[in-house]
Amino acid sequence: MLDTDQLIICEHCDCVYHKVPLKKHQKALCQRCGAVLQRYNGMTLQQRLALSITAGVLWLMANFYPVMSISLKGLSNSATLWDSVLALADGPITFIALVAAISIIIAPMFQLAILIWVLGFALASKRSPGFITFMRWLESLRPWSMLEVCLLGAMVAVFKLAGLLDVLPGIGLFALAILSLLMIRIAGRDIRELWDALP
Ligand SMILES: [Zn+2]
């Protein structure tokens, strides 16, 4: 059988290359279509696991602390991410509530749980139970996880409402902002390096 471990395929045009070791700030581009094949990633397993656990704590904060509080003439109200999903579910567009729950709460939660599970075993140079399934889930979950879209929406709401009411961004919003950035770093495509690290 051909040894395919050292080959890399361009996701955009299917051109096949040999993998090359990259130095800091380097990336490999496809010669045919110009897409990025590999990027240098200096993160060790320990760092990735530590960031995943941090992201888990931020996920809890984003979900249990209010994203924003509004007040008008002495009346005040605050909402968490979960409250916003429930509010959508009450309205005429229940389906959207389901999509919102999946993309801002459930998909990131599964991504983080799987990352912590897989990386925990990877530290001991072992494949976790269910490694193959979980690695494929990480790929399938990525397009569903849309924290950055939620963050943009929440920020637009804060700015729009600020003219009409007293709006105070909550701890949840700050947690959400850092979590969105962390997710890009830890749950990106470079997690595929685990396939090579744990043969
Ligand atoms: Zn290409």
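Residues numbered from 1 in each chain as written. Predicted model: local features only at pLDDT ≥ 70, side-chain atom pairs only at ≥ 80, totals over all residues. Heavy atoms only, no water.

- Under an unreviewed UniProt entry, the name given to the protein chain is Paraquat-inducible protein A, and the organism recorded is Pseudomonas alkylphenolica.

## Brief notes about the coordination of the zinc ion
Right, so step 1: The protein atoms that coordinate the zinc ion are Cys-10 (SG), Cys-13 (SG), Cys-30 (SG) and Cys-33 (SG), at distances of 2.2 to 2.3 Å.
Right, so step 2: Coordination at the zinc ion is tetrahedral: its four donor atoms span angles of 104 to 115° at the metal.
Right, so step 3: Mapping the donors of the zinc ion onto the primary sequence yields the spacing C-x2-C-x16-C-x2-C. Residue Cys-13 is located in the loop between strand S1 (7-9) and strand S2 (16-18), and its partner Cys-30 is located in the loop between strand S3 (27-29) and strand S4 (36-39); the two are separated by 17 residues in the primary sequence.
Right, so step 4: A relative accessible area of 3% means that Cys-30 is categorised as buried. (Donors = N, O, S within 2.8 Å, 3.2 Å for Na, K, Ca; no water. Tetrahedral: all angles 85-135°; square planar, octahedral: opposite > 155°, others 65-115°. Helix = DSSP H or I, 4+ residues; strand = E, 2+ residues; numbered from the N terminus. Buried < 20%, exposed > 50% of the residue type's maximum accessible area, 1.4 Å probe, protein only.)

## Topic: the packing of helix H1 (residues 45-64) against helix H6 (residues 171-186)
For any two helices packed against each other, the geometry is given by the interaxial angle and the distance between the axes.
Right, so step 1: Orientation of H1 relative to H6, taken along the N-to-C sense of each, is 150°, at an axis distance of 8 Å. Compared by their axis directions, H1 and H6 come out roughly antiparallel. Handedness of the H1/H6 crossing: left-handed. Residues Arg-48, Leu-51, Ser-52, Thr-54, Ala-55, Leu-58, Trp-59, Met-61 and Ala-62 of H1 form the contact with H6, whose own contacting residues are Ile-171, Gly-172, Ala-175, Leu-176, Ile-178, Leu-179, Leu-182, Arg-185 and Ile-186.
Right, so step 2: Among the residues making up the contact of H1 with H6, the classes are represented as 13 nonpolar, three polar and two charged. (Axes fitted to C-alpha atoms, helices over the stretch in contact; angles between N-to-C directions. Parallel < 35°, antiparallel > 145°, perpendicular 65-115°, else oblique. Left-handed = near helix turned anticlockwise from the far one by under 90°. Contact = heavy atoms within 4.5 Å. Nonpolar A, V, L, I, M, F, W, Y, C, P; charged D, E, K, R; others polar.)

## Some remarks on the pattern of salt bridges
Right, so step 1: On inspection of all chains with the given rule, the structure shows six salt bridges.
Right, so step 2: A salt bridge links Arg-142 to Glu-139, with the nearest nitrogen and oxygen atoms 3.2 Å apart.
Right, so step 3: Note that Arg-192 is salt-bridged to Glu-139, the shortest N-O span being 2.8 Å. On the criterion of sequence distance, the pair formed by Arg-192 in the loop between H6 and helix H7 (193-197) and Glu-139 in helix H4 (residues 131-141) is long-range, its members being 53 residues apart.
Right, so step 4: On the basis of relative accessibility, which here comes to 33%, the residue Arg-192 falls in the partly exposed class.
Right, so step 5: When salt bridges that share partners are traced, they join Glu-11, Glu-139, Arg-142, Arg-189 and Arg-192 into one network. (Salt bridge = Lys/Arg side-chain N within 4 Å of Asp/Glu carboxyl O.)

## Considerations on the packing of aromatic side chains
Think of a pair of aromatic rings as described by two things: how far the centres are apart, and how the planes are tilted against each other in angle.
Right, so step 1: The tally for this structure, following the rule as stated, stands at four aromatic pairs.
Right, so step 2: With centroids separated by 6.5 Å and ring planes inclined at 90°, the aromatic side chains of Phe-110 and Trp-137 adopt a geometry described as edge-to-face. One end of the pair, Phe-110, is in helix H3 (residues 94-123); the other, Trp-137, is in helix H4, and 27 residues separate them in sequence.
Right, so step 3: The partly exposed category is assigned to Trp-137, whose relative accessible area is 41%.
Right, so step 4: Relative to Phe-121, the ring of Trp-117 has its centre 4.9 Å away and its plane inclined at 65°; by these criteria the two rings are edge-to-face. Taken as a pair, Trp-117 and Phe-121 lie in helix H3 at a separation of four residues, close to a single helical turn.
Right, so step 5: Here the aromatic residues Phe-110, Phe-134 and Trp-137 are joined through ring pairs into a cluster of three or more. (Phe/Tyr/Trp six-rings, centres within 6.5 Å; stacked < 30°, edge-to-face > 60°.)

## A look at the side chain of Ser-52
Right, so step 1: Relative to the assigned elements, Ser-52 resides in helix H1.
Right, so step 2: You can call Ser-52 buried: its relative accessible area is 0%.
Right, so step 3: With near-sequence residues (within four places) excluded, Ser-52 lies in contact with Leu-112, Leu-115, Ile-116, Leu-119 and Ile-186.

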